[in-house]
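Close look at the chain arrangement
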Number of protein chains: 4
Amino acid sequence: MLKIGIIGYGYWGPNLLRNFYAVNDCKVESVADFRQERLSLVQKNYPNVKITTNPDDILLSTEIDAVVIATPVHTHFELAKKALENGKHVLIEKPFTSSSAQAVELMNIAEKKGLLVMVDHTFLYTGAVQKMKNLIKDGGIGKLQYLDSTRINLGLFQPDVNVLWDLAPHDISVLNFLNNETPLSINATGISHTQNNIENIAYMTVNYPSGFIAHFNCSWSSPVKIRMMLIGGDKKMIVYNDMEPTEKVKIYETGYNVRNDEEKRNIMVDYRVGDIYVPKVATNEALSLMSADFVNSIRNKKQPLADAQIALNVVKILEAAELSIKNKGKEIKL
Amino acid sequence: MLKIGIIGYGYWGPNLLRNFYAVNDCKVESVADFRQERLSLVQKNYPNVKITTNPDDILLSTEIDAVVIATPVHTHFELAKKALENGKHVLIEKPFTSSSAQAVELMNIAEKKGLLVMVDHTFLYTGAVQKMKNLIKDGGIGKLQYLDSTRINLGLFQPDVNVLWDLAPHDISVLNFLNNETPLSINATGISHTQNNIENIAYMTVNYPSGFIAHFNCSWSSPVKIRMMLIGGDKKMIVYNDMEPTEKVKIYETGYNVRNDEEKRNIMVDYRVGDIYVPKVATNEALSLMSADFVNSIRNKKQPLADAQIALNVVKILEAAELSIKNKGKEIKL
Amino acid sequence: MLKIGIIGYGYWGPNLLRNFYAVNDCKVESVADFRQERLSLVQKNYPNVKITTNPDDILLSTEIDAVVIATPVHTHFELAKKALENGKHVLIEKPFTSSSAQAVELMNIAEKKGLLVMVDHTFLYTGAVQKMKNLIKDGGIGKLQYLDSTRINLGLFQPDVNVLWDLAPHDISVLNFLNNETPLSINATGISHTQNNIENIAYMTVNYPSGFIAHFNCSWSSPVKIRMMLIGGDKKMIVYNDMEPTEKVKIYETGYNVRNDEEKRNIMVDYRVGDIYVPKVATNEALSLMSADFVNSIRNKKQPLADAQIALNVVKILEAAELSIKNKGKEIKL
Amino acid sequence: MLKIGIIGYGYWGPNLLRNFYAVNDCKVESVADFRQERLSLVQKNYPNVKITTNPDDILLSTEIDAVVIATPVHTHFELAKKALENGKHVLIEKPFTSSSAQAVELMNIAEKKGLLVMVDHTFLYTGAVQKMKNLIKDGGIGKLQYLDSTRINLGLFQPDVNVLWDLAPHDISVLNFLNNETPLSINATGISHTQNNIENIAYMTVNYPSGFIAHFNCSWSSPVKIRMMLIGGDKKMIVYNDMEPTEKVKIYETGYNVRNDEEKRNIMVDYRVGDIYVPKVATNEALSLMSADFVNSIRNKKQPLADAQIALNVVKILEAAELSIKNKGKEIKL
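Remarks on the overall build of chain A
Within chain A, the regular secondary structure consists of nine helices and 17 strands. Whereas a compact globule of 334 residues would reach a radius of gyration of roughly 20 Å, chain A reaches 21 Å, a difference of no more than 12%. Each principal axis of the C-alpha atoms in chain A carries an extent, and together these give about 80 × 45 × 40 Å. For chain A, contacts bridging at least 24 residues in sequence account for 66% of all contacts bridging at least 6.

See the structure below:
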């Protein structure tokens, strides 16, 4: 029976508690939050779970095997480091850390101690992303050419991180999961409409050596909520619309043929539009699969799907994007 | 009776002919195209209109008052210059010219000769754009904060200009029409998936001194056709979806309030969602209004809605974007 | 503190328990279900609530003030009657009863005993329906002319009641709530694609003396899920699309003018299309408001929003529809 | 060269003229309309086509081989009869005639004289309907169980025929084309919101011996335009949405299995949701294919796709529906 402590019971904490509570061979021992009113909620709904305002009651506990950290990003590193140093496996809410150096340090400690450090990139466990991964792996999409992601809504402006750190981790993790190629560089632009100089709108391009390109449009200032990703291969293209209740993934038999017309010395491209295929995707709750993967990976000493490497690469890209914005869109090599 | 000659009867030419044919106090005298099969179409449907394979029959004709140029971009400058020098008013298909220097030269000749040079930025004449212009002018949207445009589809790859020159002129003209502020600089990124190194996917950010930001996502490689523009003001926001048959413009009573919470030394932003209002927009064919505006502007020596200055500014932005792409996304000052 | 017992913990029971659990001045004492595995769920999530397989433990209990009945329709009457006769207020899951005679009998007992009998027509408590009610009451829609409802999906075929009894109660309750006029008669048609002769597709027209007409399209055999209601007035029209996440209610300034053209001795109607207005609607959980209304109506001896009369009228319409189907669509007077 | 005369140049006439003008081996000789202003339009756009205000100039002409009748329904019979009696093939705008007796009489004359009488049921020539026909013929949909059609919009109220005669012919022709079974009877209801007692909203059920059922919802009083047809088979189901620009036909791998559970003595049905397939459908203009089919059927003495029998069956259903409405929804045997 793996014993788990959860630190942070804000927006996402209740979802983590509910899901880990339901995982077999695992018991949520304790929840920590510095807000008493949040802990009352735990007590009301889960009378068997201990509560505390002191995270050390979890981090230093000899009863707890694994710690789930769902606190603001800037606290991830210190909490996770202490947990690992005290021999505990760690699951961290995305994004991993505030910098790639911190992420690497945590990964090093974990490796040295034989512990698991994993990041909750929930989207990798969705039926939609799994379906796309399989389609790409099986070659049906062809050579990947681009990924174009839009994640915009009227959001709560975060006081400590910009809109890319807030919204893009989902989509960057999907990018890293679907495309194994190592990116070359980042360009990003953005704007802050508040006094604190934290961007509420930002755009990012990720450049790759092969000619693949990825683009991310993130905003807290959109009147409409859009979660859409286009993925183009040289055989087929995918539209992944996460706002669709059932038709989330559509595959378009839609390509183009490049024709070389010597006489006119220019390249003409035919376009054609074919059938569309909308596969059924599994509708299990992704967070439940992620929770189980964390527990199973510890028990069976296996690598989880959402491993630390993918999470580190997400942080690297976010870090570079922030630097690019501060340097007026300049290309930042990775 | 204003006598008009049309040069170029390819994709857009038939629309221009049909619309000018219907304008009062104006007569289409002649159509030129080097392809005989295109001219046969003119002859079949408009037996009264003369045809020729030699553009000089129009450019040098003493019977013709105004020339409409609907040929590939790289030919615009030479044709328009010759027309102006021969005392003819000129309407040019968008984009204006291949460079801003060419556009300025044409504008100078026109001014010297007292002739009109105008560019067919049709979108400015649509009911949707007119409605948005009025809403913004009346102050209902508040201080403009951003414009975010997506114009993507599975398009015919152009052999001579990249996707920005092909698709973005529409949206940049709308930007210039709705927002009078002079932009500061451009960042752009893109990729070519063909051998000719002409970008089929490109992203552009236009930076402004006031903190307004504009972004353009253009692609010939999207499986779905999207024509959407979000425009954010500090009072209301607009979604302009040109694919909607009747509900093209939606106004969202959706804003946010910045709250300064001294204790926590951070900025919190409340978000709220209010009513949506979908105004009826005029459904007259925009091209018919543009054609009439060209004729009326000549007759009444007035400035047309889609004047050369807006068109020049479109070319300046495209020029800078191309330079930025070639310089790996570097900021290009305007 | 009003003490409540819930009988039936199937599909809807957990929602009722969760909501009554949260209502102030009310305590869920006990839940009854004949399935032990359902009761285990209660025990796991609500350790303080008693469980029993015998409904009499609730119906005859001297501790319980009010009974919530969430069992199959054919059991409603017996359970509710026993509850009322034992001095308990009753909330019944929709539809009220299997026949209007049963409903009337329950209403009579309740009146005699000074008890409340109410039916969970949850939709009346939604922000969307409340908004429409207010719009109609304020006269903004004009004289009502029609209501056209479609509620179709790929549903679980019910073994005991046809698709109208299963799906239409929602929409008929909305009809009765929005339009006070007493209907004249019913026509209905339908088909069963199973051996049990229970219709899985059915269509119903409700006729009114004023010329108002209501139509209902219900199906368990549709590949797509549609929940849409059109409501036409002689001033404006409403589209209520319950599948829309945020834009559920749209009001169209869209009417027509009847013109009497004597010469041609026929009636011509102009049509016009105006603005559309999408009001913000409250997003509180309707079931929570219904639960609170039940408790408040008992405590304050007031009439609830979803009163027994509306629920009785729903049953009358369903009863007549079933009779019409069995009589090949014949008009059944109410 | 087949010589054609067109009678009636109102709403649909220009489309017929444009399409027949483009058919090979066919020449539009003359157009008749009693309105001089309509004839001026012909003259302006087709200077080679003769015009006349007297239909007899076409009906009695020895130069004309075939007559296209695009006048109000109540005039179809007299015009078509005269054309046939004068040895001319006839194409009639839908619906065929005002009564099935008239249609039968025209068919008899045509047969006796060896002439073609055909009705312009354009929809049968669309890529979408052709695709559905093939899917059904190939057995992929399984045994047909229902067809549910909605065709509503804010329409011009017709002064002489009700909304079923105006809008339903399209969908009934599709029904007759897709399903060969002979219907048993009709139920219909409706309402008129004008003084002339002509229904502007109507609902119709078509009953079949096999258990197949078809339902039609037609309205001139809807604020939104909907053209949707659901077709259910026991293997797959089709959604045909004619308002979709490209994804008009969707096939759902969505069925249900009837399970016989002896113990509970009731029928349970599992539902399952599978993949969706959106085939590419041909986008040729249907009217052009219909025009060519008319000409080819005359030249090659073959039966056209949209033959008189389908058109007669459409009229029979409309006739019965009108009778049912006038008899308060009573079942009318066909």
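Notes on the sheet that holds strand β2 (residues 26–32) of chain D
All names here are of chain D. Within the open sheet, the six strands sit side by side as β3-β2-β1-β4-β5-β6. Their pairing is parallel. Looking at strand neighbours, the two that pair on one side only are β3 (50–52) and β6 (117–120), the edges of this open sheet. On average, each strand axis in the sheet is tilted by 25° relative to the strand beside it, whichever way the strands run. In this sheet, β3 lies alongside β2 in parallel orientation, the contact comprising three bridges. Bridged to Val 31 within β3 is Ile 51.

Examining the interface of chain B and chain A
Every contact between the two is made by 43 residues of chain B and, on the other side, 43 residues of chain A. The set of elements that each furnish at least two residues to the side of chain B that touches chain A consists of β7 (144–154), β8 (185–191), β9 (201–207), β10 (213–219), β11 (221–233), β12 (237–241) and β15 (266–271) of chain B. At six residues, the largest contribution of residues to the side of chain B that touches chain A is made by β11(B). Classifying every residue of the side of chain B that touches chain A by side-chain character gives 21 nonpolar, 18 polar and four charged.

Section: the relation of the copies chain B and chain A
Rotating chain B by 180° and translating it 0.0 Å along the rotation axis places it on chain A, where the RMSD comes to 0.0 Å. Viewed as a symmetry operation, the transformation between the two copies matches a two-fold axis. Residues of chain B ranked by C-alpha distance from the rotation axis are headed by B:Lys330, positioned 2.6 Å from it. The share of interface residues of chain B whose copies in chain A are also at the interface is 100%, consistent with both copies meeting through the same surface.

A short note on the pairing of strand β4 (residues 66–69) of chain D
Residues and elements named next belong to chain D. Neither face of β4 is left uncovered, since the one carrying Ala 66 and Val 68 and the one carrying Val 67 and Ile 69 both have all their residues buried. Across four bridges, the pairing between strand β1 (residues 2–7) and β4 is parallel. Counted as the bridge partner of Ile 6 is Val 68 from β4. Between the parallel pair β4 and strand β5 (residues 89–93), the chain is carried across by helix α4 (residues 76–85), and the sense of this crossover is right-handed.

Notes on the domain arrangement of chain A
Residues and elements named next belong to chain A. Split into domains, chain A comes out as domain 1 (2–120) and domain 2 (124–285 + 315–333). Just the C-alpha atoms count here: the centres of domain 1 and domain 2 sit 30 Å apart. Listed per partner, the contact involves ten residues of domain 1 and eight residues of domain 2. Partitioning the side of domain 1 that touches domain 2 into residue classes produces five nonpolar, four polar and one charged.

Examining the environment of D:Lys143
All names here are of chain D. Topologically, Lys 143 is positioned in the loop between α6 (127–137) and β7 (144–154). Since 13 C-beta atoms lie within 10 Å of it, Lys 143 is described here as partly exposed. Lys 143 sits 67 residues away from Ser 210 along the chain, and the two C-alpha atoms are 10.0 Å apart.

Quick notes on the sheet that holds strand β6 (residues 117–120) of chain B
All names here are of chain B. As summarised here, the arrangement of the six strands in space is β3-β2-β1-β4-β5-β6, forming an open sheet in which the pairing is parallel. Two strands in the sheet have a free side with no partner beyond their single neighbour: β3 (50–52) and β6. With direction set aside, neighbouring strand axes in the sheet form an average angle of 25°. Contacts between helix α4 (residues 76–85) and the sheet are confined to β1 (2–7), β4 (66–69), β5 (89–93) and β6, with β5 contributing the most and set at about 165° to the helix.

A look at the confidence of the model for chain A
With 95% of its residues at a pLDDT of 70 or more, chain A has an overall mean of 92. Counting interchain partners and residues more than four positions distant, the pLDDT-below-50 stretch residues 262–266 of chain A has four contacts.

Describing the packing of helix α5 (residues 100–113) of chain D against helix α9 (residues 308–326) of chain D
Residues and elements named next belong to chain D. Put simply, α5 and α9 touch, their axes get as near as 9 Å, and they point 165° apart. Judged by the angle between their axes, α5 and α9 are roughly antiparallel. Both α5 and α9 take part in a crossing whose hand is left-handed. Between α5 and α9, the contacting residues are Ser 100, Ala 103, Val 104 and Met 107 on the first element and Ala 308, Ala 311, Leu 312, Val 315, Lys 316 and Glu 319 on the second.

Structural notes on the pairing of β4(B)
Where β4(B) and β5(B) come together, four bridges link them in parallel fashion. The residue bridging B:Ile69 from the neighbouring strand is B:Ile92, located in β5(B).

Some words on the environment of D:Leu116
Residues and elements named next belong to chain D. Along the polypeptide, Leu 116 turns up in the loop between α5 and β6. Look at Leu 116 and you get buried, because 22 C-beta atoms sit within 10 Å. For the pair Leu 116 and Pro 159, spaced 43 residues apart in sequence, the C-alpha separation works out to 30 Å. Residues within four places of Leu 116 in sequence aside, it is in contact with His 89, Ala 110, Ser 297 and Ile 298.

Quick word on helix α5 (residues 100–113) of chain A
All names here are of chain A. Taking 1.5 Å of rise per residue, 14 residues should cover 20 Å, and α5 covers 20 Å from first to last C-alpha, within 8% of that figure. Of the surrounding elements, those touching the buried residues of α5 are α4 (73–85), β6 (117–120) and α9 (308–326). Backbone geometry just after α5 places Gly 114 at a positive phi near 70°.

Topic: unusual backbone geometry
All names here are of chain B. A cis geometry characterises the amide bond from Lys 94 onward to Pro 95, with omega recorded as -5°. Within the secondary structure, Pro 95 is located in the loop between β5 and α5 (100–113). Phi is positive for Lys 328, close to 55°, though the residue is something other than glycine. If you trace the backbone, Lys 328 turns up in the loop between α9 (308–326) and β17 (332–333).

Thoughts on helix α5 (residues 100–113) of chain C
Residue and element names in this part refer to chain C. Listed in full, the buried residues belonging to α5 are Ala 103, Leu 106 and Ala 110. Buried residues of α5, seen end-on, are gathered within an arc of 65° and therefore sit on one face of the element. Of the exposed residues in α5, the ones pointing more than 90 degrees away from its buried face are Ala 101, Asn 108 and Lys 112. The inward-facing, buried residues of α5 abut α4 (76–85), β6 (117–120) and α9 (308–326).

A word on the packing of α4(A) against α5(A)
Residue and element names in this part refer to chain A. Interhelical geometry of α4 versus α5 gives an angle of 10° and a closest axis separation of 10 Å. Between α4 and α5, the angle is such that the two are roughly parallel. Across the interface between the two elements, Phe 77, Ala 80, Lys 81, Leu 84 and Glu 85 from α4 touch Gln 102, Leu 106, Ile 109, Ala 110 and Lys 113 from α5. Partitioned by chemical class, the residues of the contact of α4 with α5 number six nonpolar, one polar and three charged.

Thresholds, definitions, all that
Residues numbered from 1 in each chain as written. Chains lettered and ligands numbered in written order. Predicted model: local features only at pLDDT ≥ 70, side-chain atom pairs only at ≥ 80, totals over all residues. Helix = DSSP H or I, 4+ residues; strand = E, 2+ residues; numbered from the N terminus. Rg over C-alpha atoms; globule rule 2.2 N^0.38 Å. Contact = placed C-beta atoms within 7 Å. Pairing = 2+ DSSP bridges. Axes fitted to C-alpha atoms, helices over the stretch in contact; angles between N-to-C directions. Nonpolar A, V, L, I, M, F, W, Y, C, P; charged D, E, K, R; others polar. Least-squares fit on C-alpha atoms with pLDDT ≥ 70 in both. Buried ≥ 20, exposed ≤ 12 C-beta atoms within 10 Å, placed from the backbone. Right-handed = clockwise from strand over helix to strand, strands pointing away. Domains from an automatic or database assignment. pLDDT = per-residue confidence, 0-100. Parallel < 35°, antiparallel > 145°, perpendicular 65-115°, else oblique. Left-handed = near helix turned anticlockwise from the far one by under 90°. Expected span 1.5 Å × (residues − 1). Arc of directions from axis to C-beta.

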